[in-house]
Amino acid sequence: IKRKPDEITTAYQNLKAEELTSANNPDVVQSLAGKVSGLQINTTNTGVNPSTSIRLRGTRSLSGSNSALVVIDNVISSATILSDLDPEIIESINIIKGPNGAALYGSRGGNGVIIVTTKKGTKNKGKLNITYTSTVTLEEIAFLPQLQDRYGKGYWGEIDAFDQGSWGPEYDGSVQPVGLPYPTVNDFRNTTYEFKKDNMKDFFNTGTALQNTITLAGGDSEGFYSLTANRRTTDGIIPDDKYKKDFFALSTGKTFGKFSMSANVRFTSEDQNVSNGVYGQLAQLPSDINVTDFDSGSNSDHWTAFGDSPYWVRDNQRTVSENMRSDLSAELSYQFNDNISAVLRSNVVTNSGKGFSYVNDYVAEYTVTGDSRDIQSSLSVNSNNSRTLYTDLIANFNYELTEDIGLKSLIGFNSAESSGLSQTTSGDILTLPGLYTVENISSGISVSDFSSKRRQQGVFANIDLSYKNYLYLNLTGRQEWDSRLQSTVRDIGDIGFFYYSVGASFIPTKAFT
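From a predicted model like this one, the values you see are computed outputs, not experimental measurements.

**Thoughts on the sheet that holds strand 8 (residues 129-139)**
- Ordered in space as 8-11-12-13-14-15-16-17-18-19-20-21, the 12 strands form an open sheet in which the pairing is antiparallel. Every other strand in the sheet has two partners, leaving strand 8 and strand 21 (496-506) as the edge strands with one partner each. Adjacent strand axes in the sheet meet at a mean angle of 10° when their direction is disregarded.
- Pairing of strand 15 (residues 317-335) with strand 16 (residues 340-359), which is carried by 19 bridges, proceeds in the antiparallel orientation.

So, in structure tokens, the structure goes:
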């Protein structure tokens, strides 16, 4: 729905392209941080491919989703697909902060709506425009855990070379044995018993992210086309953690008299290789130990007998995954006359992924405490597939009822269906070290799978009345049916619910001038 700013009766905000690209952040979602009042961009996990959630209206549900709905080029999408887009191909982002978006986009819009419009090339006046951008991002550890600087490695007030706790005596600058003997049981090491600031910092790299994008776009008022190719490669702050994403997008449209057609094709391929459990081992580093003193990569080369070397964990506990995602949409509209138009649009998003997580085995050559440090190899292999289908049918009406009263309204129907299937096979003891296949698992094999399917349908209406361009009234209503409410004791008629909204705005500067 196209409205002038004065006609909008709910809280909203608009961001232009230059606001998103000013800091050259390669991730659209993260580039929104700090630019919209009330918007929270929460990073739910860090690393070479951080996951983020978009929250607009605070925490409204303890068990359900609190994330804002993402709409890209008039089609319901997700924060994941928004993150796929290069900021350079986005024309504007409109944020609906109130609940009004639920009337048009369903109950998921009740948490607010992020409406994204991509560049179409219609401003090129028939000329081909080629754009190439390259961005390099450097990443370092922002801060490290704050450690006490009075007591060192040990337990019960006594120095213990094999312990990981900081319950020893006060620092005195003496030379003390530390860690497991390495490379043989007779090779003990000594270090100064004193506080060492930022003692784990040198474990990390300076992470780099390189993003290259090329866009070919052209068009005029009768049609447009835009082709984009993007590659992002990331080397993480943890050595050997890597991520690569390739993204291709084609957007095209054409007007034939009263008919207009457009289509979008987006494809994303991701590859990731990351370690698991490194931070948990680094958290056991006493403040009198420099982590680089135990950097050989062997699990026998460690400052404690009660944990695993972060260097060994980095190399031997990893997750490797690949994912492919496609996003296809098409739209057909017809202008009956100056006052009435209709639009039919449909979108299908498919996602397929596979990967595995492994732990290699380790057999300790000796024990100094009587506790076993042996590690049994294990493997978990997973695959997943999902599909989401979304369809809209909308009729728009735009009339000047009198010289002073205007009417804009629409009625519509939409349907959303999603299905998913995932399977995980796991087990212990790899027969051949370094071969990460299900056939190589020799013990304790377990298989689990999960499937889901849900459908939402709704009919809705929106009415905008204006009086002399200073008084506006907005009415919305929606009847929605959700398959998740269905059960053996409910009929189909019992899974529907109706909700509405009313909004008004008054512009006194226009009313009294």
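**A few points about the side chain of arginine 232**
- Structurally, arginine 232 can be placed in strand 12 (residues 223-235).
- A distance of 3.0 Å separates polar atoms of two side chains, one belonging to arginine 232 and the other to glutamine 211.
- Once you skip the residues sitting within four places of it in the chain, arginine 232 turns out to touch Pro26, Asp27, Ser83, Leu210, Gln211, Tyr243, Lys244 and Lys245.

**Structural notes on the packing of aromatic side chains**
- Enumeration according to the criterion identifies 18 aromatic pairs in this entry.
- For the ring pair tyrosine 334 and phenylalanine 336, a centre distance of 4.8 Å and an interplane angle of 80° mean the geometry is edge-to-face.
- Relative accessible area serves as the criterion here: at 27%, tyrosine 334 is assigned to the partly exposed category.
- According to the relative accessible area criterion, phenylalanine 336 is partly exposed, its value standing at 43%.
- Following the ring pairs from residue to residue traces out a cluster consisting of Phe203, Phe204, Tyr279 and Tyr311.

**Describing the pairing of strand 18 (residues 405-430)**
- Summarising the sheet, strand 17 (residues 378-400) and strand 18 pair through 23 bridges and their orientation is antiparallel. Residue pairing for strand 18: asparagine 385 is matched across the bridge by leucine 421.
- As judged from the 24 bridges shared by strand 18 and strand 19 (residues 441-467), these two strands associate in the antiparallel manner. Residue pairing across strands places leucine 407 opposite leucine 465, the latter belonging to strand 19.

The rules behind the values
- Each chain carries its own residue numbering, running from 1 in the direction its sequence is written.
- For this predicted model, a pLDDT threshold of at least 70 governs which residues receive local features, and a threshold of 80 or more governs which side-chain atom pairs are given and counted, while totals over whole chains, interfaces and linings are taken from all residues.
- Only hydrogens and water are set aside when side-chain values are computed; all heavy atoms of the structure are taken into account.
- Strands pair, by our definition, only if DSSP identifies at least two bridges between them.
- A helix here means a DSSP run of H or I that spans at least four residues, while a strand means a run of E at least two residues long, and both kinds are numbered starting from the N terminus.
- Every axis in this analysis is a line fitted to C-alpha atoms, fitted for helices over the stretch in contact. Angles between the N-to-C directions lie between 0 and 180 degrees.
- Pairing of N or O atoms within 3.5 Å defines a polar contact, subject to two protein rules: one partner must be a possible hydrogen donor and the other a possible acceptor, and residues neighboring in sequence count only if both atoms are side-chain atoms.
- Pairs of residues are marked as contacts when any of their non-hydrogen atoms sit within 4.5 Å.
- The rule is short: rings of Phe, Tyr and Trp, with Trp giving its six-membered ring, pair when the centres are within 6.5 Å, and they are stacked under 30 degrees, edge-to-face over 60, tilted in between.
- Exposure categories follow from relative accessible area, calculated using a 1.4 Å probe and restricted to protein chains: below 20% of the type maximum is buried, above 50% is exposed, and the middle band is partly exposed.

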